[in-house]
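# Residue-level structure breakdown
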Amino acid sequence: MTERKKHKVTLIPGDGIGPEVTQAVLRIVEATGVKFEWERYAAGAEAFELHGEYIPAALYESIARNRVALKGPVTTPIGGGFKSINVTLRKKFDLYANFRPIRNLPGLETKWPGVNLIVVRENTEGEYVGLEREVVPGVVESIKVVSEKGSTRIARFAFEYARKHGRKKIHSIHKANIMKLSDGLFLRCARQVAEEFPDIAYGEHIIDNTCMQLVMNPYQYDVLLLENLYGDIVSDLCAGLVGGLGLVPGANLGAECAIFEAVHGSAPDIAGKDLANPTALLLSAILMLRHLDEQAAADKLEKALQTVYAERKALTRDVGGTAGTSQFADGVLAAMG
Ligand code: NAI
């Protein structure tokens, strides 16, 4: 018998609820039998205390070497302080595609059952380039960068994904009525790519209308293609459609590397209270297993997760249960048999 491959993966537990959900997810992922060697690193304020750097050089090297990372949320100070670790890592490794599948889980009552949306967010440009300055006291400017290259490659990612996975429709979401040049360029690039994919329907909606449409009738959408800021906001809105931020996974994908992380942040309001739902990070780990071509393990975990939700046996409080973070993990482990 051939020895099973061991995957070297960079692990960033993060802060806030990060270490709790990471611990739960590691227990579950390791029980699949897939072999991992985790290279664990702190990032953000914790890393600064330990190493005097917000992102230690060894962490960058580890991601560059392993090309796959699993990451918990990292707190970003508001209105000052250090630059977002998430934005910095996405930029550094050119992880231009942020992929966020939004699906209902069984056993959870929501206004809209059977939601099955894909949010594709441009991950390196837009308002997140961090070009802000005070022009004169009391006046600041913030530069939004949209490039032809960046817009074309994210549009191509969305269309190629759609074709490969049998998706029928892509909507570009924009505000080109106001931001005529920047969002106009984004749309022009998307339209050009759309012409190469006549098998996939293409539409365009303005961002404000889209938010209303999503809460009134999410079924009209299939794949949403958005710039960085719009994608950030709309994916949280979509998380609300299926039961909250505890449930939505994400992947940051580039040509070389991939970082898998939940959509949610560090949730300081519930950190350290054994209340966090590890489902979003677990679903992100399932995306990672598929990326590593560990399909059987991914299928097994997905099935166990569906069972836990369908039976409503070990659910956390955000989705109406009473279980703690580790009890939820126990529930998934039991369902794996
Ligand atoms: P958040 O996503 O941390 O929390 C929003 C709400 O959702 C809170 O009520 C929280 O309790 C709840 N929630 C989030 N995840 C949950 C989970 N797994 N289980 C149960 N409830 C959950 O957003 P917030 O409060 O705006 O941001 C907190 C910090 O996280 C900020 O510093 C922000 O910059 C950072 N952040 C980091 C991200 C990352 O590392 N990828 C992504 C988003 C935010």
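What you see is a predicted model; the values in this text were computed from it and never measured.

What follows concerns the packing of aromatic side chains. Throughout the structure, instances matching the rule amount to nine aromatic pairs. On the numbers, 4.9 Å between centres and 55° between planes, the contact of phenylalanine 99 with tyrosine 161 is tilted. On the criterion of sequence distance, the pair formed by phenylalanine 99 in strand 4 (residues 97-103) and tyrosine 161 in helix 5 (residues 148-164) is long-range, its members being 62 residues apart. An identical accessibility class is assigned to phenylalanine 99 and tyrosine 161; each is buried. Measuring from ring centre to ring centre gives 6.2 Å for tyrosine 309 and phenylalanine 328, while their planes differ by 65°; the resulting arrangement is edge-to-face. Here the residue tyrosine 309 occupies a position in helix 10 (residues 295-311), and phenylalanine 328 occupies one in helix 11 (residues 325-336), the gap between them amounting to 19 residues. For the pair shown, tyrosine 309 and phenylalanine 328 are each scored as buried. An aromatic cluster is present here, built from Phe48, Tyr54 and Phe82 joined pairwise through their rings. The cationic tip of lysine 92 hangs over the ring face of tyrosine 60; the distance from NZ or CZ to the ring centre is 5.0 Å.

The description of two packed helices rests on the angle between their axes and on the distance between the axes. Running from N to C, helix 1 (residues 18-30) and helix 9 (residues 279-291) point in directions that differ by 45°, and their axes come no closer than 9 Å. It follows from the interaxial angle that helix 1 and helix 9 lie oblique. Two packed elements cross with a definite hand, and for helix 1 against helix 9 that hand is right-handed. For the pair helix 1 and helix 9, the contacting residues are Val21, Thr22, Val25, Ile28 and Val29 in the first and Leu281, Leu282 and Ala285 in the second. Of the residues in the contact of helix 1 with helix 9, the class split is seven nonpolar, one polar and no charged.

Looking now at the site of the ligand. Residues in close proximity to the ligand total 21 residues, the closest being Val74, Thr76, Gly265, Ala267 and Asn277. Glycine 265 is positioned such that a nitrogen or oxygen atom in its backbone is 2.7 Å from an oxygen atom of the ligand. Contact with the protein chains removes 70% of the 820 Å² of surface that the ligand exposes when unbound. Looking at the shell around the ligand, its residues break down into nine nonpolar, eight polar and four charged.

This part covers empty space enclosed by the protein. This structure, assessed with the given rule, holds one cavity of 30 Å³ or more. Roughly 40 Å³ of volume is contained in the largest cavity. If you go around the largest cavity, the residues you meet are Glu122, Glu125, Gly126, Val145, Val146, Gly150, Ser151, Phe186, Glu227 and Asn228. Classifying every residue of the lining of the largest cavity by side-chain character gives three nonpolar, four polar and three charged.

Looking now at the side chain of threonine 325. Mapped onto the elements of the fold, threonine 325 is located in helix 11. The contact partners of threonine 325, leaving out residues within four places of it in the chain, are Glu20, Val21, Ala24, Asp274, Leu275, Ala276, Pro278 and Thr316.

It is worth spelling out the pattern of salt bridges at this point. Under the counting rule described, the total for this entry stands at 19 salt bridges. With a shortest N-O distance of 2.7 Å, arginine 65 and glutamate 39 are connected by a salt bridge. Within this pair, whereas arginine 65 is found in helix 3 (residues 57-66), its partner glutamate 39 is found in strand 2 (residues 35-40), the two being separated by 26 residues in sequence. Of the charged contacts, one joins glutamate 311 and lysine 313 as a salt bridge, the two residues approaching to 3.4 Å between their closest N and O atoms.

Here is what the cut-offs are and how they apply
- Residues numbered from 1 in each chain as written.
- Predicted model: local features only at pLDDT ≥ 70, side-chain atom pairs only at ≥ 80, totals over all residues.
- Heavy atoms only, no water.
- Phe/Tyr/Trp six-rings, centres within 6.5 Å; stacked < 30°, edge-to-face > 60°.
- Helix = DSSP H or I, 4+ residues; strand = E, 2+ residues; numbered from the N terminus.
- Buried < 20%, exposed > 50% of the residue type's maximum accessible area, 1.4 Å probe, protein only.
- Lys NZ or Arg CZ within 6 Å of the ring centre and 35° of its normal.
- Axes fitted to C-alpha atoms, helices over the stretch in contact; angles between N-to-C directions.
- Parallel < 35°, antiparallel > 145°, perpendicular 65-115°, else oblique.
- Left-handed = near helix turned anticlockwise from the far one by under 90°.
- Contact = heavy atoms within 4.5 Å.
- Nonpolar A, V, L, I, M, F, W, Y, C, P; charged D, E, K, R; others polar.
- Near = heavy atom within 4 Å.
- Polar contact = N/O pair within 3.5 Å; in protein donor to acceptor, adjacent residues only side chain to side chain.
- Areas by Shrake-Rupley, 256 points an atom, 1.4 Å probe, with all protein chains shown as cover.
- 1 Å grid on protein atoms, 1.4 Å probe; cavity = no way out; pocket = protein on both sides within 12 Å on 5 of 7 lines; lining within 4 Å.
- Points joined across faces, edges and corners; volume = space filled by probe spheres on them.
- Salt bridge = Lys/Arg side-chain N within 4 Å of Asp/Glu carboxyl O.

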